[in-house]
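# Report on the structure
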Amino acid sequence: MEQYFAELTTEKVNPQTQMIDECTTEEMLHLLNQEDAKVPAAVAAEIPQIMKAVDILYHSLKNGGRMFYIGAGTSGRLGVLDASECPPTFGVDPMLVQGHIAGGDIALRVAVEGFEDSIEEGIALIERALVTARDVVVGISASGSASFVIAGLKRAAELGATTIGVVNNKGSRLEAVCDVCIAPVVGPEVIMGSTRLKAGTAQKLVLNMLTTCTMVKLGKTYNNLMVDLKASNKKLYDRSIRIIKIAAGVDDDTASEYLQKASMNSKLAILMIKTGLDAETGKQVLQECEGSLKLAIRTTNRVV
């Protein structure tokens, strides 16, 4: 047995749940809930590191870089999940934030855990993705030991990319190879070693913070409104109308009218209503303001 793994917090036995197999259903649920309640504090303790990561991501994406998540197993799935939500939520190109899992897309549905030990696959992924010095690669591994992730981060660093680690153990092997390491330690799992539980929850909260705060800094929201969403279904179309109504203080008909004039672009519709600009001029102003609706409104109204 390798001593490294034996020392990991995520591999230890949780004394609070040792008798879970003798609990009633209600008792089991309370145990899980009590353990889950420890996660937010563990994430909060890492905010200084998360802040560094967000600022790195913001400067990278603002200057033409991309963000890559790489991980194996649950960690890889969470990265793919977060990346896949960015286009519909923030209207970004699917290539801007990418999620990659060891073993490829089949591993999203079928466990192919052996791939996490492949150094060659980690290196090959980074090279296939054409990672450059403008990019940021975020490696996710609860144990901080997945060879696939470590090798990927090392190769990304060799290519000049900035590297960020998200782990659930302090002093991990992954920490040694990344520029910034975020390590919310949530303690032993309810079921020994099942890092899809508290560790996975902590990772999801961290990834939420990374992309959400980066996108807000990039001007993808107006106040806390999702103004860059893609109205690709009925629910999102309805949300677009409500966002325009809230931001511009108009009724349903006006919101719908301007959404059509703006070619289903909520941000542009709001700018047109609040400034009186036509669609083409509005697009130009938004481009000049790097996509910031608030700055575009203030700039236009000062000129007027």
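Further up the page is the structure itself.
Here's a quick rundown of the structure. (Residues numbered from 1 in each chain as written. Predicted model: local features only at pLDDT ≥ 70, side-chain atom pairs only at ≥ 80, totals over all residues. Heavy atoms only, no water.)

What follows deals with the overall build of the protein chain. If you tally the helices and strands in the protein chain, you get 13 helices and 5 strands. For the C-alpha atoms alone, the extent of the protein chain along its principal axes is close to 70 × 50 × 35 Å. Every one of the 304 residues in the protein chain was classed for burial, and the buried ones make up 48%. A separation threshold of at least 6 residues defines the contact pool for the protein chain, and within that pool the share at least 24 residues apart is 66%. When the accessible surface of the protein chain is split by element, carbon and sulfur atoms take 54% of a total near 14800 Å². Separation of charge centres in the protein chain, based on 31 positive and 36 negative side chains, amounts to 7 Å. (Helix = DSSP H or I, 4+ residues; strand = E, 2+ residues; numbered from the N terminus. Buried < 20%, exposed > 50% of the residue type's maximum accessible area, 1.4 Å probe, protein only. Contact = heavy atoms within 4.5 Å. Areas by Shrake-Rupley, 256 points an atom, 1.4 Å probe, with all protein chains shown as cover. Lys, Arg positive; Asp, Glu negative; His and termini not counted. Charge placed at Lys NZ, Arg CZ, Asp CG, Glu CD.)

Each pair of packed helices gets described by two things: the angle between the helix axes and the distance between those axes. Between helix H9 (residues 234-248) and helix H11 (residues 266-275), the least distance of the axes is 10 Å, while the angle of their chain directions is 30°. Judged by the inter-axis angle, H9 sits roughly parallel to H11. Between H9 and H11 lies a crossing of right-handed hand. Residues Ser240, Ile243, Ile244, Ala247 and Ala248 of H9 touch H11, and the partners they reach there are Ser266, Ala269, Ile270, Ile273 and Lys274. (Axes fitted to C-alpha atoms, helices over the stretch in contact; angles between N-to-C directions. Parallel < 35°, antiparallel > 145°, perpendicular 65-115°, else oblique. Left-handed = near helix turned anticlockwise from the far one by under 90°.)

Here the focus is helix H8 (residues 198-217). One turn of the α-helix equals 3.6 residues, which is why residues spaced by three or four share an orientation. With 20 residues, H8 ought to run about 28 Å at 1.5 Å a step, and its terminal C-alpha atoms sit 29 Å apart, in line with that. All of the buried residues along H8 are Lys198, Ala199, Gly200, Ala202, Gln203, Val206, Leu207, Leu210, Thr211, Thr214 and Met215. Two residues or fewer past H8, Gly219 is found with a positive phi of approximately 85°. (Expected span 1.5 Å × (residues − 1).)

Now for the nonpolar core. If you look at the biggest cluster of nonpolar residues, it comprises 34 residues, and the most contacted ones within it are Tyr69, Val97, Val138 and Leu210. Among the elements of the structure, helix H3 (39-44), helix H4 (47-62), strand E1 (67-71), helix H5 (73-90), strand E3 (136-140), strand E4 (162-166), strand E5 (180-182) and H8 are those that each provide at least two residues to this core. Contacts of Leu210, omitting those with residues within four sequence positions, involve Ile50, Ala53, Val54, Leu57, Met67, Tyr69, Val138 and Ile182. In this structure, Ala248, Leu268, Leu277 and Cys289 belong to the second largest nonpolar core, which totals 27 residues. (Core = buried A, V, L, I, M, F, W, Y, C linked by side-chain atoms within 4.5 Å.)

What follows is about the packing of aromatic side chains. In total, this model carries 1 aromatic pair according to the counting rule given. Sitting over the ring of Tyr4, Arg173 keeps its end group 4.0 Å from the ring centre. Looking at Lys294, its charged tip hangs above the ring of Tyr222, at a distance of 5.6 Å from the centre. (Phe/Tyr/Trp six-rings, centres within 6.5 Å; stacked < 30°, edge-to-face > 60°. Lys NZ or Arg CZ within 6 Å of the ring centre and 35° of its normal.)

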